[in-house]
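Next come the chains, spelled out residue by residue.
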There are 2 protein chains.
Amino acid sequence: MDKKITHAILEAVDRRFDEQTQFIAEVTAHATTRGREQGAQKLMDEQFRARGYETDIWEIDVDAISGLPGFSPVLGNYDEALNVVATHNGGGQGGKSLILNGHIDVVPEGPLDMWHRPPYEPYIDDGWMYGRGAGDMKAGLVANLYALDALRDAGFQPAADVYLQSVVEEECTGNGALACLQRGYRADAALIPEPFDEKLVTSQVGIIWMQVYLRGTPVHAMQTSSGVNAIEAAIPLIAALRKLEENWNARPKHARFEHVEHPLNLNIGRIKGGDWPSSVPAWCCFDVRFGIYPGQDIDAASAEIENCIREAAREDKYLRNNPPEITYHGFLAEGYSLADHDKPEARQAEKSLGQAHRAVTGDDLQTMPITATTDARFFGLYADTPALVYGPTAESIHGFNERVHLDSIRRVTQTIALFVAEWCGLEKT
Amino acid sequence: MDKKITHAILEAVDRRFDEQTQFIAEVTAHATTRGREQGAQKLMDEQFRARGYETDIWEIDVDAISGLPGFSPVLGNYDEALNVVATHNGGGQGGKSLILNGHIDVVPEGPLDMWHRPPYEPYIDDGWMYGRGAGDMKAGLVANLYALDALRDAGFQPAADVYLQSVVEEECTGNGALACLQRGYRADAALIPEPFDEKLVTSQVGIIWMQVYLRGTPVHAMQTSSGVNAIEAAIPLIAALRKLEENWNARPKHARFEHVEHPLNLNIGRIKGGDWPSSVPAWCCFDVRFGIYPGQDIDAASAEIENCIREAAREDKYLRNNPPEITYHGFLAEGYSLADHDKPEARQAEKSLGQAHRAVTGDDLQTMPITATTDARFFGLYADTPALVYGPTAESIHGFNERVHLDSIRRVTQTIALFVAEWCGLEKT
């Protein structure tokens, strides 16, 4: 690409970066945990429309997606679960179309006293913006928007169709991204600026969520020995799951994860049991999150996890006759490897992104596999669309004092802008 | 007592027993878990007033009781925490005064699907009334009222003052009964018809509640090894507490509990931790309930439990530097032994109750120590008032399908009526 144009685009990002930073803070100030995304989605829609994009805002229809591959089971309902897609119609000068995707939902913030400052009052300190969701992934979501703004400020627009997607449900099912597929959005590539340190993600694991529900025999605490404590009944099951995790990680690794020390992580992320200190608890419920390799069959993996739980239960004389109930209440997500995506566009997209990254940073684009999932799997697996995951440097995502690095956001925005220019082509406005 | 009068009183209980049963069901239909006692207390007040008793209904004032011996710390507020006391003024013909006490609060009902029928829709089947609180202790609370009704139906009233108390907070602190003391209610004896199988309770343990709060290091589940899971951090602490329970029960037993196999029970009654399946949990909180012997010092016992938790924490390299927080949020209850209450009235009250029981059942009154607490400790320890605990047969209190035996309620009501007649003396109305 013409050096003058490149320079103009990079400068355009710089010029608007204060405004971009403020807008990231505005979006981060919305506490968009599951079920509370509506306000922020309407803000995104407003901003899309203010720039002249056609927008499509809709509530996810579970019935319409539940039969599609990649669907994850849903607990609760989808009232208020709005997706927004803005469309830029390119001039059709032969460039390739693109989906710029990001998710609006964030994970719960946890106990407030573990945050230095309130999680939804974003602030900047020493070059970092702090706040729940600032990194994962409101900075990336906003970078998509401002990358296109920079092209326009430089006097251009993408020559091909570009879809700006702001989706819900990335953190628990991916059903937001799936609903975009169901609604017909397709392109030659997708890019998701998830906060992975300005590296291109080559491969992501799959994720299984399940909930284990145990019943005990509740009695008054004065007769604990005649009751069965459902909380303590969970302990050997958790131990068995940790053993299974060890076994899985001791097996030969997936090629893309060969250099990852512990690719398949188990997490016991939530527990709840009992109602009253002086009643032997009648129930206990805990959440399991397990990683699996790309290509690993979800049903087989789930069955193995279930077997592990059931076998541990059979060793207990009470649970043997009162087996745990296992429910699926979120991710049944397959893994995805861009690096193994067998399509010329995948290599072209990697190459274009690499060039853009080098133009901005002067360095080669580094790559890495991740032990998490992203919405990339929907584009990659179910629409044969190479999906690039590449975003800014962030820390403590899902933890406390989550933060994202401002200079990194600026560089990522510039890289996205150059990538769009290269991938879609440019036309003068 | 005159056989004809005895007979008339017993018959009076029988005659009103259908009405009494209906009223137990009406009170049981109120879901009087902590904070929701108001409606039922107003119903009790109404019923007391309908019978011509003076009533006193008031909201517990924490500041007024927090300096008194026997006070237990309170989490949350006491809005809606109403006590009701009805007073019968005796003619002063030399009889002894009496407190008839019962509690209106019930423990949470747990998952509804573990009940055969809804917990607050009481029903009768095969001679039992089912419902949360029917046994513990609405049947007893109502028995107090109907025992006095029977005297009146037979043409009498107690010759001394009788206080009918319906209190809150028995299930977590005892601060309802304490507030009655603070308000000045005193008598020569107290009787509480807690559901202990028509046996007289000779001794009750003390109870300590504490809450243990652990912090972890929350990270995204993709990096579980760099985080510390607060839920799993709780497991060795629970194991250490079970060891302590073993040690305590291996020590020489309190004389009144010599024949009780396992007098001091630990219960882990509630646990909660984490917010999200894919975040390593930042926190976990569990509730400990421990029994102690009468005469055992609460501070020393609490310190021993705390030490046990802290020592277990020190063995973990993370918890060593992030020690658990321990909070007291309920019972700091001393044990009480009526059988060791060194006052002539204690022996007299036992004897009178024994006679009444024999007149109704034909059997000697059996006695037993219990591994639970009741409000008896307030009367016994802090007002030097012998406190009898004697009530109907119930099953599954604090469990599911809680039930109380109707014939047993009838007998207990008759016994209470005869006991009042004997203890307070009778005068014609």
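As the structure is a computational prediction, the values presented were derived from the model and not from experiment.

So, how was this worked out
- Residues numbered from 1 in each chain as written.
- Chains lettered and ligands numbered in written order.
- Predicted model: local features only at pLDDT ≥ 70, side-chain atom pairs only at ≥ 80, totals over all residues.
- Heavy atoms only, no water.
- Helix = DSSP H or I, 4+ residues; strand = E, 2+ residues; numbered from the N terminus.
- Rg over C-alpha atoms; globule rule 2.2 N^0.38 Å.
- Buried < 20%, exposed > 50% of the residue type's maximum accessible area, 1.4 Å probe, protein only.
- Contact = heavy atoms within 4.5 Å.
- Areas by Shrake-Rupley, 256 points an atom, 1.4 Å probe, with all protein chains shown as cover.
- Lys, Arg positive; Asp, Glu negative; His and termini not counted.
- Charge placed at Lys NZ, Arg CZ, Asp CG, Glu CD.
- Buried area = accessible area lost by both parts, 1.4 Å probe.
- Salt bridge = Lys/Arg side-chain N within 4 Å of Asp/Glu carboxyl O.
- Polar contact = N/O pair within 3.5 Å; in protein donor to acceptor, adjacent residues only side chain to side chain.
- Nonpolar A, V, L, I, M, F, W, Y, C, P; charged D, E, K, R; others polar.
- Phe/Tyr/Trp six-rings, centres within 6.5 Å; stacked < 30°, edge-to-face > 60°.
- Lys NZ or Arg CZ within 6 Å of the ring centre and 35° of its normal.
- Pairing = 2+ DSSP bridges.
- Axes fitted to C-alpha atoms, helices over the stretch in contact; angles between N-to-C directions.

**Q** Talk me through the overall build of chain A; I want residue IDs and the actual numbers.
**A** Counting its regular elements, chain A contains ten helices and 20 strands. Here the C-alpha radius of gyration of chain A, 23 Å, is about what a compact globule of 429 residues would show, namely 22 Å. Expressed as lengths along the three principal axes of its C-alpha atoms, the size of chain A is roughly 80 × 45 × 40 Å. Residue burial in chain A is summarised as follows: out of 429 residues, 62% are buried. Expressed as a percentage of contacts within chain A between residues at least 6 apart in sequence, the contacts between residues at least 24 apart total 83%. When the accessible surface of chain A is summed, it comes to about 15700 Å², and 44% of that surface belongs to carbon and sulfur atoms. Of the side-chain charges in chain A, 39 are positive and 62 negative, and the distance between the mean point of each set is 1 Å.

**Q** So, the environment of Val-420 of chain A: which residues are in play, and what are the values?
**A** Residues and elements named next belong to chain A. Considering the arrangement of structural elements, one finds Val-420 in helix 10 (residues 406-424). With 258 residues separating them in the primary sequence, Val-420 and Val-162 have C-alpha atoms 8.7 Å apart. Non-local contacts of Val-420, meaning those with residues more than four positions away in its chain, are made with Leu-98, Leu-100, Leu-148, Leu-151, Pro-158 and Gly-425.

**Q** I'd like to hear about the interface of chain A and chain B, residue by residue, with values.
**A** With 56 residues of chain A at the interface, the matching set in chain B holds 56 residues. Taking both sides of the interface into account, the surface hidden between chain A and chain B amounts to around 4900 Å²; carbon and sulfur atoms contribute 61%. Counting the surface chain A buries against chain B, the share from its top three residues, Met-222, Trp-276 and Pro-277 of chain A, is 16%. There are four salt bridges connecting chain A and chain B. Across the pair Asp-113 of chain A and Arg-215 of chain B runs a salt bridge whose closest N-O atoms are separated by 2.8 Å. Taken together, the links from chain A to chain B amount to 22 residue pairs in polar contact (both at pLDDT 80 or more). Of all the secondary-structure elements, those providing two or more residues to the side of chain A that touches chain B are strand 10 (206-215), helix 6 (230-250), strand 11 (266-273) and strand 12 (283-292) of chain A. The greatest single-element share of the side of chain A that touches chain B, amounting to eight residues, is contributed by strand 11 of chain A. Here the residues of the side of chain A that touches chain B sort into 28 nonpolar, 17 polar and eleven charged.

**Q** Quick one: what's the story with the packing of aromatic side chains, residue by residue and with numbers?
**A** Residue and element names in this part refer to chain A. What the rule picks out here adds up to 24 aromatic pairs over all chains. Both rings, one in Tyr-213 and one in Trp-283, keep their centres 6.4 Å apart while their planes meet at 10°; by these two values the pair is stacked. On the criterion of sequence distance, the pair formed by Tyr-213 in strand 10 and Trp-283 in strand 12 is long-range, its members being 70 residues apart. Put simply, the rings of Trp-58, Tyr-163 and Tyr-185 touch in pairs and so form one group of aromatic residues. Here the basic side chain of Arg-51 rests over the ring of Tyr-146, its NZ or CZ set 5.1 Å away from the ring centre.

**Q** Outline the sheet that holds strand 5 (residues 128-130) of chain A, listing residues and values.
**A** All names here are of chain A. With antiparallel pairing, the four strands of this open sheet are ordered in space as 4-5-19-18. Whereas interior strands pair on both sides, the edge strands pair on one side only; in this sheet they are strand 4 (123-125) and strand 18 (394-395). Examined bridge by bridge, strand 18 and strand 19 (residues 403-405) share two bridges and lie antiparallel to one another. Along strand 19, the bridge assignment pairs Ala-394 with Val-404. Sitting on the sheet, helix 4 (residues 134-153) touches strand 5, strand 18 and strand 19, and the angle it makes with strand 19 is about 45°. Contacting strand 4, strand 5 and strand 19, helix 10 crosses the sheet at an angle of about 60° to strand 19.

**Q** Lay out the pattern of salt bridges with the relevant residues and their values.
**A** Residue and element names in this part refer to chain B. On inspection of all chains with the given rule, the structure shows 51 salt bridges over all chains. Between Asp-153 and Arg-16 there is a salt bridge, with its nearest N and O atoms 2.5 Å apart. Taken together, the positions of Asp-153 in helix 5 (residues 134-153) and Arg-16 in the loop between helix 1 (3-15) and helix 2 (17-28) put the pair 137 residues apart, joining distant regions of the chain. What makes Asp-153 partly exposed here is its relative accessible area of 33%. Within this structure, Arg-16, Glu-19, Arg-51, Asp-149 and Asp-153 form a network of salt bridges that share partners.

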